[in-house]
Amino acid sequence: MQVSKREAAESAARELSGFLERRREQIAQRWADAPLFRTVFTISRDEAVEACKTVVNALADVASTGRLDDIAAPGFDPAREQLGRMAASRARSGFSPAQIAEEAAGLRVTAYESLRGDVLDRPASGTQDVAMALTVLMGTLSLVIMETTVNAGEELIARQRQQLLEVATPVINLWEGVVAVPLIGTLDSARSQVVMESLLDAIVDQRARYAILDITGVPTVDSLVAQHLMKTVAAARLMGAECIVSGIRPAIAQTIVHLGIDLSSVITRTSLADALAHALARQGIEVSPAAGATPR
């Protein structure tokens, strides 16, 4: 009876699943010495072997379902955590996606060698079908590895960007009850959110009654930047703090007027020192030069 291509493919997939189950220990032992695993699991080789077994088991599960070319096959789910860990580690070590893909391709060579030793006593046609199925499955595994590599890279970039935003927007405790945020650079939506959250947290922690937003280091003020400032001022007021915007240079003042931006409800000062003096004066505190000091 002539076997259809579909039946032959399904049979090859089942044989491939059985092969992976039989040779799981052998493949895992050899994969544990591959760069993709060895450089991640540096403390214990047994840990590397167990991680390899997880991946081999995943491949066997996928093969048993016949979804050899489906990157979203549920069988891959248990292996994604291991693969993501490895990909993230290699990416942090400076390896490019292309280099990681090359390392993933090395796993395929080992699997082929194990397959040749497992099916020598089978008909040539059957061996060829199983080898083709293994090719497809390992190709899909490479795609899964690349997917986890890209995701790990994006997560790393997102974390670093968030850390840079937090570092670039420090909240300074200038005086008891007075905090300030010196802004430097462009004030976009993402950074504005970080500024607002950091400032509100500082208002609560320091029990601040006055908050100063210093925009001396902001190169330009447009309608979007003004909108972000107004939202931050409004949020600070809701927390019981009076907000002062300092660093209004002549060029920025002209730009605000030309754009028709209404900052009449916001207290503004030309410098951070003026803003601090205003906040202190509102609290009945007067700062004067020390006796004998030479005025500048």
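Refer to the preceding data block for the structure.
What you see is a predicted model, and the numbers here were worked out from it, not measured in a lab.

Colleague: What exactly am I supposed to notice about the packing of helix α8 (residues 189–206) against helix α9 (residues 223–238) here?
Modeller: Helix packing for two helices is described by the angle between their axes and how far apart those axes are. Axis separation between α8 and α9 bottoms out at 10 Å; the angle between their running directions is 20 degrees. If you check the angle between α8 and α9, you find them roughly parallel. Two packed elements cross with a definite hand, and for α8 against α9 that hand is right-handed. For the pair α8 and α9, the contacting residues are S189, S192, M196, L199, L200 and I203 in the first and H228, K231, T232, A235 and A236 in the second. Residue classes in the contact of α8 with α9 are distributed as six nonpolar, four polar and one charged.

Colleague: Just to check I follow, could you spell out the pattern of salt bridges for this structure?
Modeller: Should their charged atoms come close, side chains of opposite charge can pair. Evaluated as defined, the whole model comprises six salt bridges. A salt bridge links K53 to E50, with the shortest nitrogen-to-oxygen separation between them at 3.6 Å. With K53 and E50 both in helix α4 (residues 45–65) and three residues apart, the pair spans about one turn of that helix. Between D70 and R67 there is a salt bridge, and its shortest N-O distance comes to 2.4 Å. Classification of D70 as partly exposed rests on a relative accessible area of 21%. Shared partners join several salt bridges into a network, and the residues in it are E25, E50 and K53.

Colleague: Is there a simple way to explain α4 in this structure?
Modeller: Structurally, the α-helix is built with 3.6 residues per turn, so residues lying three or four positions apart point the same way. Compared with an ideal rise of 1.5 Å per residue, which puts 21 residues at 30 Å, α4 spans 31 Å between its outermost C-alpha atoms and is within 8% of the ideal. When we look at burial in α4, the residues that qualify are A48, V49, A51, C52, K53, V55, V56, A58, L59, A60, V62 and A63.

Procedures and definitions
- Residues numbered from 1 in each chain as written.
- Predicted model: local features only at pLDDT ≥ 70, side-chain atom pairs only at ≥ 80, totals over all residues.
- Heavy atoms only, no water.
- Axes fitted to C-alpha atoms, helices over the stretch in contact; angles between N-to-C directions.
- Helix = DSSP H or I, 4+ residues; strand = E, 2+ residues; numbered from the N terminus.
- Parallel < 35°, antiparallel > 145°, perpendicular 65-115°, else oblique.
- Left-handed = near helix turned anticlockwise from the far one by under 90°.
- Contact = heavy atoms within 4.5 Å.
- Nonpolar A, V, L, I, M, F, W, Y, C, P; charged D, E, K, R; others polar.
- Salt bridge = Lys/Arg side-chain N within 4 Å of Asp/Glu carboxyl O.
- Buried < 20%, exposed > 50% of the residue type's maximum accessible area, 1.4 Å probe, protein only.
- Expected span 1.5 Å × (residues − 1).

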